Amino acid sequence: MRPFDYRSPADPAEAVRTVAGDPTAVFLGGGTNLVDHLKLGVVAPRLVVGVAGLLSTEVEELDSGTLRIGAGVSNSELAADPRVRERFPVLSQALLSGASGQLRNMATTGGNPLQRTRCVYFQDVTTPCNKRRPGSGCSALGGWTRNHAILGASEQCVAVHPSDMAVAMTALDAEVRVLGPDGERTVPFGALHRLPGDTPERDTVLGHGELITAIDLPALPIARRSAYRKVRDRASYAFALVSVAAAVEVRDGVITDARIAFGGVAHVPWRARRAEDVLRGSEVSDRRYRAAADAELADARPLDGLDGGNGFKIPLLRRTLAATLRDLVREGAR
Amino acid sequence: MHTEITVRVDGAPRRLTVDTRTTLLDALRERLGVTSPKKGCDHGQCGACTVLSGGKRVLSCLTLAVTQDGARVTTAEGLAAEDTAPDERGPVDGDGRSPDDTDRHLHPVQRAFIDRDAFQCGYCTPGQVVSAVGMLREFARGWPSAVTEGGREPRLDHAEIAERMSGNLCRCAAYVNIVPAIQQAAAEAGTEVAG
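Residues numbered from 1 in each chain as written. Chains lettered and ligands numbered in written order. Predicted model: local features only at pLDDT ≥ 70, side-chain atom pairs only at ≥ 80, totals over all residues. Heavy atoms only, no water.

For chain B, the helix and strand inventory stands at five helices and five strands. What you see in chain B, going N to C, is helices and strands ordered as β-β-α-β-β-β-α-α-α-α. Looking at chain B as a whole, 52% of its 195 residues are labelled buried. A sequence separation of at least 24 residues applies to 57% of the contacts in chain B between residues at least 6 apart. (Helix = DSSP H or I, 4+ residues; strand = E, 2+ residues; numbered from the N terminus. Buried < 20%, exposed > 50% of the residue type's maximum accessible area, 1.4 Å probe, protein only. Contact = heavy atoms within 4.5 Å.)

Before going further, it helps to examine the nonpolar core. Residues and elements named next belong to chain A. Grouped together as the largest cluster of nonpolar side chains are 49 residues, with contacts concentrated most on L78, F88, L91, M169, L172, F189 and L217. Ranked by the residues each element gives to this core, the list is headed by helix α8 (residues 165-171), at six residues. When residues of this core are assigned to domains, at least three fall in each of domain 1 (5-52) and domain 2 (222-333). If near-sequence neighbours (up to four positions away) are discounted, L78 is found in contact with V59, I69, V73, V84, L91, L95, T109 and M169. Counting residues in hydrophobic clusters, the runner-up holds 33 residues, among them V248, W270, V278 and A322. (Core = buried A, V, L, I, M, F, W, Y, C linked by side-chain atoms within 4.5 Å. Domains from an automatic or database assignment.)

On to the interface of chain B and chain A, then. If you look at the interface, chain B gives 36 residues, while chain A gives 30 residues. Where E77 of chain A meets K56 of chain B, a salt bridge forms, and the shortest distance between an N and an O atom there is 2.8 Å. Inspection of the region where chain B meets chain A yields 14 residue pairs in polar contact (both at pLDDT 80 or more). Contributions of two or more residues to the side of chain B that touches chain A are made by β4 (56-59) and α3 (125-140) of chain B. A total of four residues in the side of chain B that touches chain A trace back to one element, the largest contributor, which is β4 of chain B. Residues belonging to the side of chain B that touches chain A are distributed by class as follows: eleven nonpolar, 17 polar and eight charged. (Salt bridge = Lys/Arg side-chain N within 4 Å of Asp/Glu carboxyl O. Polar contact = N/O pair within 3.5 Å; in protein donor to acceptor, adjacent residues only side chain to side chain. Nonpolar A, V, L, I, M, F, W, Y, C, P; charged D, E, K, R; others polar.)

Moving on, we come to a nonpolar patch on the surface. Residues and elements named next belong to chain B. On the surface, a cluster of nonpolar side chains totalling about 230 Å² of accessible area is made up of L106, I114 and F119. Within the element layout of this structure, F119 appears in the loop between α2 (108-115) and α3. Residue F119 is classed as partly exposed on the basis of its relative accessible area, which comes to 33%. (Patch = residues over 30% accessible without salt bridge, like charges linked within 9 Å, V, L, I, M, F, W, Y side chains within 5 Å. Areas by Shrake-Rupley, 256 points an atom, 1.4 Å probe, with all protein chains shown as cover.)

All names here are of chain B. On domain assignment, one finds that chain B holds domain 1 (2-78) and domain 2 (108-188). Between domain 1 and domain 2, the C-alpha centre-to-centre distance is 22 Å. On the domain 2 side, the residues contacting the 17 residues of domain 1 number 18 residues. Roughly 1300 Å² of surface becomes buried between domain 1 and domain 2 when both sides are summed, with 53% attributable to carbon and sulfur atoms. At the boundary of domain 1 and domain 2, one finds one salt bridge. A salt bridge links R57 to E138; the nearest nitrogen and oxygen atoms lie 2.8 Å apart. If you list the elements that add at least two residues to the side of domain 1 that touches domain 2, you get β3 (50-53) and β4. (Buried area = accessible area lost by both parts, 1.4 Å probe.)

Residue and element names in this part refer to chain B. One non-glycine residue, D42, adopts positive backbone phi at about 65°. Assessed through its relative accessible area of 18%, D42 is described here as buried. Its identity is not glycine, yet D117 carries a phi of approximately 55°, on the positive side. Secondary-structure assignment places D117 in the loop between α2 and α3.

Before going further, it helps to spend a moment on the environment of L62 of chain B. Mapping L62 of chain B onto the fold places it in the loop between β4 and β5 (72-74). Looking at L62 of chain B, the relative accessible area reads 2%, which means it is buried. In this structure, the C-alpha to C-alpha distance between L62 of chain B and Q128 of chain B, residues 66 residues apart in sequence, is 17 Å. Those residues in contact with L62 of chain B that sit more than four places away from it in its chain are G30, G31, T32, V35, D36, L103 and M106 of chain A together with H43 and G44 of chain B.

A word on the side chain of T63 of chain B. Tracing the backbone shows T63 of chain B in the loop between β4 and β5. Those residues within four positions of T63 of chain B in sequence are excluded, and the remaining contacts are M106 of chain A together with T22, T23, L24 and Q68 of chain B.

Glancing now at the pattern of salt bridges. Residues and elements named next belong to chain A. The tally for this structure, following the rule as stated, stands at 35 salt bridges over all chains. Here R229 ties to D327 by a salt bridge, and the two come within 3.0 Å at their closest N and O atoms. With a gap of 98 residues between them, R229 in strand β9 (residues 226-231) and D327 in helix α11 (residues 313-333) connect regions that are remote in the sequence. For D327, a relative accessible area of 33% gives the class partly exposed. A single network of salt bridges, built from pairs that share partners, joins D173, D257, R259, R271, E276, D277 and R280.

Under the criterion given, the structure shown has zero disulfides over all chains. Among the cysteines around C157 of chain A, which has no disulfide bond, C138 of chain A carries the closest sulfur, lying 6.1 Å off. Free cysteine: C172 of chain B, not disulfide-bonded; nearest cysteine sulfur from C121 of chain B at 3.8 Å. Under the relative-accessibility criterion, C172 of chain B is labelled partly exposed at 25%. (Disulfide = S-S within 2.5 Å.)

Residues and elements named next belong to chain A. Relative to the elements of secondary structure, H161 occurs in the loop between α7 (120-123) and α8. Look at H161 and you get buried, because its relative accessible area is 8%. A polar side-chain atom of H161 sits 3.0 Å from the main-chain carbonyl oxygen of P113. Apart from residues no more than four positions distant in its own chain, H161 is found in contact with P113, Q115, A166, H193, G264, A266, H267, V268 and P269.

The subject of this paragraph is the domain arrangement of chain A. Structurally, chain A comprises domain 1 (5-52) and domain 2 (222-333). Here the C-alpha centroids of domain 1 of chain A and domain 2 of chain A sit 36 Å apart.

On to helix α5 (residues 175-188) of chain B. Residue and element names in this part refer to chain B. With 14 residues, α5 should reach 20 Å at 1.5 Å per residue; the first-to-last C-alpha distance of 20 Å fits that figure. Every buried residue belonging to α5 is among I178, V179, A181, I182, Q183, Q184, A185 and A186, and all of these are buried. On its buried face, α5 sits against α2, α3 and α4 (158-164). Of the residues flanking the end of α5, it is G190, one or two places downstream, whose phi is positive at about 95°. (Expected span 1.5 Å × (residues − 1).)

Given below as structure tokens:
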């Protein structure tokens, strides 16, 4: 690990000024991903700025009904919040499906969406990787691709975003409150992450020195009937092969509204608007659920690979969406 | 790039100067001689390094020691004494440990691990025990897990324990006895345990 200075500023504004003033500086939240990357040599900052103690650890209900989640709220506290469990079950379930009890206690609301891909080549500094070292090449292409993207990838990068929480936040139209050197701004959660294109080294639209201070969850009645379903190689403590965040409103056997997002399939938590369009006005049926998945997956580009590739994700995601919707509709009928 | 920190470890304040790169795990083991937290994977995947910080279970291998200035850290060695008031504790020697440490009574979770033969080689056991203590506190607060039925109060059955303890791996695969050990400790503490 390269030597670095550590500072713990007095408040978020000072933290932002400190990081903005040093191009090699990084924020340290819960540390569950960054500390590992320091050990692996994936990053080598000269200055680490601790922010975990500076950020709100409260979930506050605003007059508008919005839940404002402080960036310092741990993943486990957020998953257990009674308001989240009742109004946004998909978010609580997504959080609980990720990592382990210890890691959820450490991981923060602000840090979780900024965790980096678990692409093995990204984490292995002995292999070329355009995300870690721009221009060095992509080792995943023609390599092991089982865990990689089927949507929105580029020639430069086929990595997927690993967060479960982010998939739920995307489906829920959350908003990210950001403090930067030029002041505050709000970014729609669905616009926080970016596709790799020719600059896969940039995961999000945040600039250097910008700090997430809170995530807002606007009131969303449809979210009371919502769920997160995650498919992985073992039952717990593993990243998603595919996942589905879904919320539906059903009246007289017809889906009147839907919110759908996919995880494990793209460089971003993937909002499935085409699937939502198919579902709106559809009768409740497996055939329609599959049609919704197929509409979203029309542009899917599975990868060949030494391990047989990732084409399995297409039927797997189709079945996972159908199963999620079937359970949600049945639950509502009880 | 050195920083002075003070960490309360198993009840005793310990002051030390650390390289900023030092993890809490390395500070405990290499600097303070507290070797109950184990280095398994050193990447947050095995849980052998689990300690309580501020009463919550965390991974000491992914925690920089500099972030723990002023924190209260409890390892497997300090579990039994954690609920004891400071003035009830025995004398503390230069290493910050009581001379009678080995004779001190065990925490109920530690006793249950012995009763139920819940380990083989024992390397993961301190992490398992600390994790179980933290987990039972989380359960007592009503925190749900991924296997808790929607909206219901969780019940401490096999599936709940396995899910909540999934961050602690055991190469000997002693899981079959770890779950009953945790159930025993929970039942002794008055928690309703389901089969």
